[in-house]
Amino acid sequence: MERTKVWDLPVRLFHAALPVLIVALFLTSEDEDFVSWHARLGIAVLALVVARIAWGFFGSRHARFSDFVPSPAGLLHYARGYLRGEPEPHLGHNPIGALMVMAMLAALLLITLTGVVTYAGPEWEGPLSPWLSAGVADSIKEVHEGLAELLPWMIAAHVAGVLLSSKLERQNLPLSMVTGYKHAAAAAPPEPAVWVRGVGLVAAALLGIAAALAVATLLPRDAKAIDPTTILGGYTNEARAADPAFAPSAARGETLYRTEHVQDGKPVSCVTCHTDDPRIAGRTPAGKVVDPLAPSVDPKRFTDLAKTEKWFGRNCKQVLGRPCTAAEKADFTAFALAAGGAR
Ligand code: HEC
């Protein structure tokens, strides 16, 4: 048995980066506050996957699809050997492992692309909003979430397959993905020339970067933070167009906050999710944490007009069954602003 170089450095780096990014993506997937980080991490995965696919054409021998994409006959032959407990040795990916690798690459590509479209769509008021109906955007988001839920199972199957193959082949395959070396009966077959691999690496990196830059242009721009009093002023001016004597009132805002309405047979008010006290965190009926509403406690509140508008839109509809008027929004904002520091 000889110690043979199998996995080149780009393949190993790609492989090492993915689990880290995927864990970070799951950690940032639930809380809307992390969505811009979630998107950045997703773009990093997209860039890596695009570069890896390019490397699958230009890279070193075992990085290439031509080295491991199996024919149906080859797959069957390998599977038979596997079932007998004597899998035919493969220096690179074995045919079953190769299928899993390709399935995971395809899943990652689809997950990141549907994620980009979701974030660029109407839910986040991204630049694709004019072209995407809410229904289509929702279906795309469901593909994103469905595949993302499938991914851990694919990874589990991949890990199980690698461990089983390690046992059958009597070598530490996870370690080989770290060091790049495996034990093999035969000497390593020749590699493409160094300059070919060098050009290939540059091409793969450029394609990955190009993919990242292309999708980054599709994402919503981070709104420049404005002062809550600017938002209050905007609503006040809007309300004065209808009633020149209008002045925002925190007391009226508080009444709006606390008044119960009945929707779908159930009592609901702003208090339902935002709690009795706008200075403490609440919870939606679905169990999602809602940060405190008062800017004195959460300085991000009422600093992003698009976000404030989005939530007024959703929540007024849910509680009042109709949009809030500009006067109501001004009163409500005045109420939130009047709530002093943490209780
Ligand atoms: C079903 C739960 C729920 C109810 C009821 C609810 N809200 Fe909200 N509200 C939320 C959630 C969730 C957020 C945003 C979560 C976050 O940013 O932490 C939010 C955020 C807001 C914001 C965004 C403030 C900002 O600029 O960051 C405003 C304004 C708001 N709500 C107004 C209201 C008003 C007015 C009512 C009552 C008419 C109300 N909400 C009732 C769940 C609710």
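Scroll up to find the structure this text is about.
I will try to describe carefully the structure that is included in this document. (Residues numbered from 1 in each chain as written. Predicted model: local features only at pLDDT ≥ 70, side-chain atom pairs only at ≥ 80, totals over all residues. Heavy atoms only, no water.)

With that out of the way, let us pick up the coordination of the iron atom of the ligand. Note on metal sites: the ideal angle is 109.5 degrees for four tetrahedral donors, and 90 or 180 degrees for six octahedral donors. Within the protein, the atoms that donate to the iron atom of the ligand are His274 (NE2) and Asn315 (ND2), at distances of 1.9 to 2.1 Å. On the basis of relative accessibility, which here comes to 13%, the residue His274 falls in the buried class. For Asn315, a relative accessible area of 26% puts it in the partly exposed group. (Donors = N, O, S within 2.8 Å, 3.2 Å for Na, K, Ca; no water. Buried < 20%, exposed > 50% of the residue type's maximum accessible area, 1.4 Å probe, protein only.)

Our next topic: the packing of helix α5 (residues 95-120) against helix α6 (residues 134-169). At their nearest, the axes of α5 and α6 sit 9 Å apart, and the two run at 155° to each other. As judged from the angle between their axes, α5 and α6 are roughly antiparallel. Regarding α5 and α6, the two cross each other, and that crossing is left-handed. On the side of α5, the interface is formed by Met100, Ala103, Met104, Ala107, Leu108, Leu110, Ile111, Thr114, Gly115, Val117 and Thr118, while α6 contributes Ile140, Lys141, Val143, His144, Leu147, Ala148, Leu151, Met154, Ile155, Ala157 and His158. Split into classes, the residues belonging to the contact of α5 with α6 amount to 16 nonpolar, five polar and one charged. (Axes fitted to C-alpha atoms, helices over the stretch in contact; angles between N-to-C directions. Helix = DSSP H or I, 4+ residues; strand = E, 2+ residues; numbered from the N terminus. Parallel < 35°, antiparallel > 145°, perpendicular 65-115°, else oblique. Left-handed = near helix turned anticlockwise from the far one by under 90°. Contact = heavy atoms within 4.5 Å. Nonpolar A, V, L, I, M, F, W, Y, C, P; charged D, E, K, R; others polar.)

Glancing now at the environment of Val162. Considering the arrangement of structural elements, one finds Val162 in helix α6. Between the alpha carbons of Val162 and Leu173 there is a distance of 6.6 Å; along the sequence they are eleven residues apart. Sequence-distant contacts of Val162, that is, excluding residues within four places in its chain, are made with Leu173 and Pro174.

The ligand sits among 19 residues. The nearest are Cys270, Cys273, His274, Thr308 and Asn315. Interatomic distance of 2.6 Å between a side-chain N/O atom of Thr308 and an oxygen atom of the ligand. The side chain of Asn315 places a nitrogen or oxygen atom 2.6 Å from a nitrogen atom of the ligand. Of all elements in the fold, only α11 (270-274) and α12 (305-320) reach the threshold of two or more residues within the shell around the ligand. The element best represented in the shell around the ligand is α12, accounting for seven residues. Across the shell around the ligand, the residue classes tally to ten nonpolar, six polar and three charged. (Near = heavy atom within 4 Å. Polar contact = N/O pair within 3.5 Å; in protein donor to acceptor, adjacent residues only side chain to side chain.)

With that settled, consider the side chain of His144. When you line up the elements, His144 lands in helix α6. Relative accessible area serves as the criterion here: at 16%, His144 is assigned to the buried category. In this structure, His144 is in contact with His38, Ile111, Thr114 and Gly115, ignoring residues within four places of it in sequence.

One pass over the structure, following the stated rule, counts one disulfide. Between the sulfur of Cys316 and that of Cys324 lies a disulfide, 2.0 Å long from S to S. Taking the torsion about the S-S bond as the criterion, the Cys316 to Cys324 disulfide, at about -90°, is left-handed. The pair formed by Cys316 and Cys324 is uniform in burial state, with each residue classed as buried. (Disulfide = S-S within 2.5 Å.)

Turning our eyes to something else, we now look at α5. In a regular helix each residue adds 1.5 Å, so 26 residues correspond to 38 Å; α5 covers 37 Å between its end C-alpha atoms and thus fits that length. With a side-chain oxygen positioned 2.9 Å from the backbone nitrogen of Ile96, the residue opening α5 is Asn94. (Expected span 1.5 Å × (residues − 1).)

This paragraph deals with unusual backbone geometry. A positive phi angle, close to 55°, is found at Arg170, a residue other than glycine. With respect to the secondary-structure elements, Arg170 resides in the loop between α6 and α7 (173-179). Judged by its relative accessible area of 73%, Arg170 is exposed. Its identity is not glycine, yet Phe302 carries a phi of approximately 55°, on the positive side.

It is worth spelling out the nonpolar core at this point. Counting residues in each nonpolar core, the largest one holds 23 residues, and the members touching the most others are Tyr257, Phe302, Phe312, Leu320 and Phe332. Sorting the residues of this core by element identifies α9 (228-242), α10 (250-258), α11, α12 and α13 (326-338) as the ones contributing at least two each. Among residues more than four places away in sequence, those in contact with Leu320 are Leu256, His261, Gln263, Asn315 and Glu328. (Core = buried A, V, L, I, M, F, W, Y, C linked by side-chain atoms within 4.5 Å.)

Any link to function would need more than the numbers given here.
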